[in-house]
Amino acid sequence: MYRIGFGFDAHRFSEGRKLILGGLEIPFRIGLSGHSDADVLTHAICDALLGALGEGDIGTHFPDSDPSYKDVSSLTFLREVMKTLKSEVYEIENLDCTIVCESPRITPHVPAIKDSLAQITGLSGKALSVKATTTDRMGFTGRGEGIASYAVALIKPAAA
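Remember, it's a predicted structure, so these values are computed and weren't measured experimentally.

Caption draft 1: Up close: a nonpolar patch on the surface. Among the surface-exposed residues, Ile-4, Phe-6, Phe-8, Tyr-150 and Val-152 lie close enough to one another that they form a single nonpolar patch of about 500 Å² accessible area. Put simply, the parts of the chain that give the nonpolar patch at least two residues each are strand E1 (3-14) and strand E7 (146-157). Inspection of the secondary structure assignment puts Ile-4 in strand E1. On the basis of relative accessible area, Ile-4 is assigned to the exposed category, the value being 63%.

Caption draft 2: Quick peek at the packing of aromatic side chains. Scanning all chains against the criterion turns up six aromatic pairs. Note on Phe-6 and Tyr-150: the rings are 6.1 Å apart at their centroids and 40° apart in plane angle, and the pair reads as tilted. With Phe-6 in strand E1 and Tyr-150 in strand E7, this residue pair connects regions lying 144 residues apart in the sequence. Residue classification places Tyr-150 among the partly exposed positions, given a relative accessible area of 36%. Each residue in the set Phe-6, Phe-8 and Tyr-150 is aromatic and connected to the rest through ring pairs, giving one cluster.

Caption draft 3: Examining the pattern of salt bridges more closely. Taken as a whole, this structure holds seven salt bridges when the rule is applied. Close ionic contact of Arg-143 with Glu-145 constitutes a salt bridge, the shortest N to O distance being 2.6 Å. Classification of Arg-143 as exposed rests on a relative accessible area of 54%. Since its relative accessible area comes to 32%, Glu-145 is described here as partly exposed. Several salt bridges share partner residues, and in doing so they unite Glu-91, Glu-93 and Lys-156 into one network.

What counts and how
- Residues numbered from 1 in each chain as written.
- Predicted model: local features only at pLDDT ≥ 70, side-chain atom pairs only at ≥ 80, totals over all residues.
- Heavy atoms only, no water.
- Patch = residues over 30% accessible without salt bridge, like charges linked within 9 Å, V, L, I, M, F, W, Y side chains within 5 Å.
- Areas by Shrake-Rupley, 256 points an atom, 1.4 Å probe, with all protein chains shown as cover.
- Salt bridge = Lys/Arg side-chain N within 4 Å of Asp/Glu carboxyl O.
- Helix = DSSP H or I, 4+ residues; strand = E, 2+ residues; numbered from the N terminus.
- Buried < 20%, exposed > 50% of the residue type's maximum accessible area, 1.4 Å probe, protein only.
- Phe/Tyr/Trp six-rings, centres within 6.5 Å; stacked < 30°, edge-to-face > 60°.

What follows is the structure, given as structure tokens:
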């Protein structure tokens, strides 16, 4: 049985932090505020996969009240979610992700972001889609206050 999950995350910009998206450091003057590395893309992907499994959300599995997750790479979360996926005998059919911000420009970094995520998810080619868009200066992302990300995951029972 195929299952679909949807993920969303948003973080505000914060001075003195690196900007991490999909596990990749993006050159920019500021980063995102959060307990972990605040990687909104990877957080949205984790939520989409956990949602497809009916396993709650990233905050349930990796709470910001746990000091062991302070400043940890969100790729650590994705690795754990992939273990959960495999233990439930599912695999990812495809991921479709969108990063929303006015700046920095994300599109030039998309191939490297996809490579980073592919190393953990095992996805390649058209099975892993990462896109970037703006909100034409509307809302918190449009005002340059932060970045949001959406992800949709389609999972299926793993082949025997």
